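Structural overview for review
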Amino acid sequence: FFLTDTPPPGPMAVLFSLPLSTLRPRTTLRPLATLARAAPIVPAIKLPHGLTHQTPLVESLPLSAATGCQVLLKMDALQPSGSFKDRGMAYMCAALQSRGVTDLISSSGGNAGLAASAAGRKLGMRVRVVVPTTTKPIMIEKMRAHGAEVEVHGANWNAADELARELVGASGGAAAYVPPYDDPLLWEGHSSIIDEIAAAGVRPDAIVVSVGGGGLLCGVLRGLQRHGWSETTVLTAETDGAACFAKALAAGEPVTLAGITSVATSLGALSASSSAVQMARDDQPTEAYTVSDAEAVGACASLLDDHRVLVEPACGAALALAYSPRQREALRRFETVVVVVCGGGGVTHEILSQWKADLL
């Protein structure tokens, strides 16, 4: 069932791979109507019409049974491009268009570029995306299918970003730079996730998010602050080989990794946004966790079995905090936990099968 007023577009049905009679929750799950708490009405961020979906908030009975708390999944894998990135990109691209911009240049490891391509096509804007050599061919094909011009450059996102900025500079002001994660316009768009959770009558004790560069995290933190949910704990998740945020939060300032050594290439920023580090450190109770590649891939496989949704290991990192027996202890102290299923377009059944063969 869905906690939102309307179901997601298309024939998506939320199913479980285990018979419900086999589920044995460690605590009695509260009726969903009791999750809401009195709170002032906060104006929601208005996303451009037709560029994003209001995604369902789904109760996961398997994960609730495994963790002993009520686990709700915010299914942003059902956005048009397959990831939460649509929220921020739609908001930013529309804002730039309102200022007279018609030409966008973005750098991306994959999902941000795909979201920019999708938004740009619907808005009638020219989109150029620079991606590193680690970007999967399937992602490049999807960007080009939206009409984007894609250039492959550099061994990682940082190198691709340098070229994107050079192209913007060489345009003489004709093109606008669209970053993948580090811009307040993106964060405002991403913060609509919290608006939708609030509209569903849910105020969670904790929210779990994957972190790459920190765009989603900044959006979630902004949304929590706007709604006055200062007591909601944010649990961040990264894979061990891409843990720039966990290291930065421990150090109290951004830390630059020597490289990315993880299958979760969508978490491929070498350093996290300084704003993400500052907000997490100063403004909201935030805890950073890291998971193995095997745990992330295992969580992707389990989500597919339990809920029939296919996601990347970058998203699997957040899911692993609930799916992995080694990690889920972090959730047991809470009553209601929302996991942001941030999605990812760079995965197929065949790709997931190969990850499973390599890691599980």
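Because the structure is predicted, anything quoted here is derived from the model rather than measured.

Bringing the sheet that holds strand 3 (residues 103-107) into the picture now. With respect to topology, 4 strands assemble into an open sheet ordered 5-4-3-6, the strand pairing being parallel. Strand pairing shows two members of the sheet lacking a second neighbour, strand 5 (149-152) and strand 6 (176-178), which therefore form its edges. The mean inter-strand angle of the sheet, taken between neighbouring strand axes irrespective of direction, is 20°. Note: strand 4 (residues 126-131) against strand 5, 4 bridges, orientation parallel. Bridge pairing links Val129 to Val150 in strand 5. In this fold helix 4 (residues 137-145) packs onto strand 4 and strand 5, with an angle of close to 155° to the strand it touches most, strand 5.

This part takes up the pattern of salt bridges. Per the stated rule, a full pass over the model turns up 13 salt bridges. A salt bridge links Arg165 to Asp161; the shortest N-O distance between them is 2.8 Å. You can see Arg165 and its partner Asp161 sitting in helix 5 (residues 157-170), 4 residues apart, about one turn around the helix. Judged by its relative accessible area of 48%, Arg165 is partly exposed. Across the salt bridge formed by Asp282 and Arg281, the nearest N and O atoms sit 2.9 Å from each other. Among the residues examined, Asp282 registers a relative accessible area of 46% and is labelled partly exposed.

Attention shifts here to helix 10 (residues 274-282). Three- or four-residue spacings in an α-helix give side chains the same orientation, since the helix completes a turn every 3.6 residues. Every buried residue of helix 10 is listed here: Ala276, Val277, Met279 and Ala280. Against the buried residues of helix 10 lie helix 8 (215-227), helix 9 (244-251) and strand 9 (286-291). Between a side-chain oxygen at the N-terminus of helix 10 and the backbone nitrogen of Ser275 the separation is 3.1 Å; the capping residue is Ser273.

Procedures and definitions
- Residues numbered from 1 in each chain as written.
- Predicted model: local features only at pLDDT ≥ 70, side-chain atom pairs only at ≥ 80, totals over all residues.
- Heavy atoms only, no water.
- Pairing = 2+ DSSP bridges.
- Helix = DSSP H or I, 4+ residues; strand = E, 2+ residues; numbered from the N terminus.
- Axes fitted to C-alpha atoms, helices over the stretch in contact; angles between N-to-C directions.
- Contact = heavy atoms within 4.5 Å.
- Salt bridge = Lys/Arg side-chain N within 4 Å of Asp/Glu carboxyl O.
- Buried < 20%, exposed > 50% of the residue type's maximum accessible area, 1.4 Å probe, protein only.
- Polar contact = N/O pair within 3.5 Å; in protein donor to acceptor, adjacent residues only side chain to side chain.

Any link to function would need more than the numbers given here.
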